[in-house]
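Each chain, written out:
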Amino acid sequence: MNVLENNLLVLASAGSGKTYTLSDRIIGLMAHGVEPEKIVALTFTRKAAGEFADAILRKLASAAESEEIASELRSKFSQPETDFPGILEKTVRNLPRLTLGTMDGFFAKVVRGFQYELGITGGKFDLLEGEAAESIRDELLEGLIDGELDEAMEERFIEIFRRASYGKESARVLEELRKFISIWHQIFVSPFPREWGLAVLANAAEEDWEKGKGPLLDQLVRDWPNVPDKKKRHESAFEPMVKAFREHTVGSGLLGKATGLVPKILEAVREGDGTIDISYYQPLSITGFAAQALRDLAHLAARSEFAAALSRTRGMHGVISAYDSLIERDLRLKGKLGFDDVKRLMGNWMQGEEARLRREAVDFRLDSSYSHWLLDEFQDTSRDEWNALLPLIDEGITDNDSTVFIVGDKKQAIYAWRGGEVGLFDELTDHYSPGLKTATMATSWRSSPEILELVNKVCGDKQVMFSLFGAAATRWEWEKHVSAPQLARPEKAGYGRVEIVEKDEKTEQVVARLRQLGIGSKKLSCGVLVETNTEVRDWADTLRSEGFQVVEEGAREPAKDHPVGILIWQLLRWLADPSDSFAWNTVRMSPLQDFLEQQYGPAWQKAWESLTAMISESGYAGMIEEITSSLRPTLENFGQRRIADLLHALRELDRSGAASPREAADWISRLKISQSPGVAAVQVMTIHKSKGLGFDVVILPEICSEKIPSLSHFNTIIGENWVSEAPAAWARSLIPELRAAEEKWSEQQTYEAFCKLYVALTRAKRGLYVFIDTPSKTADPQKASLVNWLMDSLLLNGSPGESIEIGHEGWAEEIELLPVSAPRPMLQLGKAEIKRSRSTPSGDKSNDHIPSIVSSYGRSFGSEVHRALESIEWIDLGTQPVLEPEIEKIIDDCLAVPEVACLFTKGDRNVRLYREQGVEAVIDDKWISGVIDRLHVHYDGNHTVTSVEIIDYKTDRVNDAAELRMRYSGQMEAYRKIVASIYPEARVSCILVSTALLTALNV
């Protein structure tokens, strides 16, 4: 393979050295005189981008230091005069200008540089990512449910969500809701227009079932006696079948759950016209009018179910449209975009001539900056990402002065669930051949020959794959994998083993295998790879309890993956809403209840008041640290770490300023902490997270025996130009369009399952151990499952203890032991002593009242009013901001009051205005920080400060001025002290502007 071929698509198998090849390409380009800043190399993770940069710099440094290495590279690139020290110096000097990063980062950089050309005019571009983005989306979702939907639309939304999430874990309802909304919203914003719930597709109306089933059932009953050769069992099953059809209503699910003749009839009707041939204990051929009545009944029921699904989809369109309107109003029009928005914005050139011309102007400037494009992990590229890149890649391939290098592996396409489209490979080659050459890399620099022999036996057995998975296997392209010569040496020998184990003995056998290999005592990395996050937690806990040092790769959720985290989360939920009985009962049933009763007595009110007061004084972290001090000695290390995680997160929240208990609870419920593999002896992770990694030893303890794919996940049907909620499986099977859509989806899901097993098997360097649960006596050997694929390709019959092994079982005996160092005495620190507490003025407001429970919509509306007041400079100078009609009326009503209007009128006053002014001060040995809404600093003719006005906006719904003064007197006094310490000679006054009372109050 010529790595410097102008335009090259590389199909690189697992472990074949993609990063090495990419770094060769970049260094080769620079050796040929390309300036580093002209090169763009994009991948999907910051980790992979960092590996790019490291590989390039290491290789350049080695070539600069070693003439032998330099000569090899000069020969490889056909550039005998290459000055590698000079290239290294130039590369290091230009590092800030190099574009070696993620696709998301590149798109954000382009939008930030060309926001107006791309159509963002409502505010400065602000990228929303991570927890902040999720928090904002949750607020919008709350706003949608609380106030944006009418009653009928809300009921429709709840019905569709209930159907989609049926049987899912109830504790994850919010997570499922986010995912559900996200899926539909992705369809809504797709650049390809689709009709939502196109009624004509059903060829029936929802109500047709109730109108038509009676006459058809009468016809069936009349003609049933004429059906020949019926047996006693057929006769006894007839009445229950008629009853099932008669009692079935659209959406009831009765036909899908029916037994006896019904499933046989539905299956036979699907197969063809004419006589209905079934086998129910004995064969039966239903002919004549009875057959026609049954056929018409089945089709009418299915079409009516489809009509109902289409109707729900039209209702869902209204819900998602309302949700998107909230995003447009509150985020996009203000320049606040998430990564998905950025990708779609970059791909909007497909939407019309005006958008195409805007993008063309951007591309013209980008083409002058960048000439050489490298894309990694192309199998994970989504349609939105490809639409965003396409004009640039097209220019790169067709322009003689530019180049394109794309690398990926169709066999590792495991991210279809987040948009990855493996079909883009074929689109690329079909469109650009022969201008785009193709090469393959099947030599592994990771796995030993023994590992690859096992991989070839399984993943290269097309006959078994066809027999189990049918058409899905036609897409699987296989080239025999071989190890690099360096890995074929005896000292690099490996071992692969697949064994059948009894389920209740599996844990014991996995632990025994790890100990036999010397995991934890020898220089061996070990990965335990599983399917789900729940399995990650279970295996991590199990192996820890057996004494292994374990880390879970990926993101841990401290508020959800350990009882102490759940307790802290529910405590904050209760503090946010004392009427939340679930949260309170969670606290009461925990060991924390004893502490609360000892400190505050049996009455919950005293505990609630004391804990909220403690938050005002010490922050959320201080309060949690205090009340969990009695629990910590009883917790194992895992629980101790979870408390530490949450305290760290809450300290961040405390530093960010005042937050309500609801915000604190939401903050930690969404908390995800990334974990690198570190130096732990055993790394437990999902197969998805293991992609790109390699381990000396890989354990696969949870091979799925279920049929793939699971149709329970088939909830949305996307046709050529339409979209619909998926009706019940039995109904889909009777409607050709839906059956074809389901088959297409199933093939895609099955292909992804192939890829996932391939990725799992190819993470192993020298030891691969696969554990398969003993099949049950009723297990179907023809079921399309991963277990059957493994057993059939390896000629296993499923007997307990049966195994296949390749290589020498004692391969690890010669592996070097880890050095044993003497334990160091641990430094014992005393309990931290707070020298100076930190508080906010808003924490000093009166606690003599029970705060009213305000809906999220109410909070959001109040925030909008607050922001509108913040946006006003002086009403007698310049124009006022454009506001929503409801907000504008409140602002106009306030400004119609003379004592309020005068605060926003500059006139001839010598005054300096500060809006949203942050302040920090130490008052009475207490560190106070806050934000003043509006600050007027008045000067005399000598530019001496004479007076200062502190103005704070309040949207509280209160009954009278005395209540508002009492509520905020502490806060305003704190502000007065801070400002007085800055301007000691000036007169300081505090004013509350109340939008509810339409007045300005001196405090």
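Calculation criteria
Residues numbered from 1 in each chain as written. Predicted model: local features only at pLDDT ≥ 70, side-chain atom pairs only at ≥ 80, totals over all residues. Heavy atoms only, no water. Helix = DSSP H or I, 4+ residues; strand = E, 2+ residues; numbered from the N terminus. Rg over C-alpha atoms; globule rule 2.2 N^0.38 Å. Buried < 20%, exposed > 50% of the residue type's maximum accessible area, 1.4 Å probe, protein only. Contact = heavy atoms within 4.5 Å. Areas by Shrake-Rupley, 256 points an atom, 1.4 Å probe, with all protein chains shown as cover. Lys, Arg positive; Asp, Glu negative; His and termini not counted. Charge placed at Lys NZ, Arg CZ, Asp CG, Glu CD. Pairing = 2+ DSSP bridges. Axes fitted to C-alpha atoms, helices over the stretch in contact; angles between N-to-C directions. Polar contact = N/O pair within 3.5 Å; in protein donor to acceptor, adjacent residues only side chain to side chain. Patch = residues over 30% accessible without salt bridge, like charges linked within 9 Å, V, L, I, M, F, W, Y side chains within 5 Å. Salt bridge = Lys/Arg side-chain N within 4 Å of Asp/Glu carboxyl O. Phe/Tyr/Trp six-rings, centres within 6.5 Å; stacked < 30°, edge-to-face > 60°.

A. Broad picture of the overall build of the protein. Within the protein one finds 35 helices and 30 strands. Relative to its length of 1003 residues, the protein is compact, with a C-alpha radius of gyration of 34 Å against a globular reference of 30 Å. In terms of principal-axis extent, the alpha carbons of the protein reach across some 105 × 90 × 70 Å. For the protein, the residues scored as buried account for 50% of the 1003 residues in total. When contacts within the protein are restricted to residue pairs at least 6 apart in sequence, long-range pairs at least 24 apart make up 77% of them. Surface accessibility of the protein: about 47800 Å² in total, with carbon and sulfur atoms responsible for 51%. Between the mean site of the 118 positive side-chain charges and the mean site of the 153 negative ones, the protein shows a separation of 2 Å.

B. Focus on the sheet that holds strand β5 (residues 195–196). Taken in spatial order, the three strands make up an open sheet running β5-β22-β21, and their pairing is mixed. Looking along the sheet, the strands with just one partner apiece sit at the ends: β5 and β21 (716–718). Of the pairings in the sheet, the one linking β5 to strand β22 (residues 722–725) comprises two bridges and is parallel in character. Paired with Glu-195 across the bridge in β22 is Trp-722. Contacting β5 and β22, helix α13 (residues 288–330) runs over the sheet at an angle of about 105° to β22.

C. The side chain of Ser-793, seen in detail. If you trace the backbone, Ser-793 turns up in helix α31 (residues 786–793). Assessed through its relative accessible area of 11%, Ser-793 is described here as buried. At a separation of 2.8 Å, a polar atom in the side chain of Ser-793 contacts the main-chain carbonyl oxygen of Trp-789. Setting aside chain neighbours within four positions, we find Ser-793 in contact with Lys-457, Val-458, Asp-461 and Val-464.

D. Structural detail: a negative patch on the surface. On the surface, a cluster of negative charge is made up of Glu-502, Asp-504, Glu-505 and Glu-508. Following the sequence through the fold, Glu-508 ends up in helix α20 (residues 506–517).

E. Looking closely at the packing of aromatic side chains. One pass over the structure, following the stated rule, counts 26 aromatic pairs. The interplanar angle of 80° and the centroid separation of 5.8 Å between the aromatic rings of Trp-476 and Phe-754 together place this pair among those described as edge-to-face. Residue Trp-476 is located in the loop between α19 (462–469) and β13 (482–483), and its partner Phe-754 is located in helix α30 (residues 736–761); the two are separated by 278 residues in the primary sequence. Residue class for Phe-754 comes out buried when judged on its relative accessible area of 0%.

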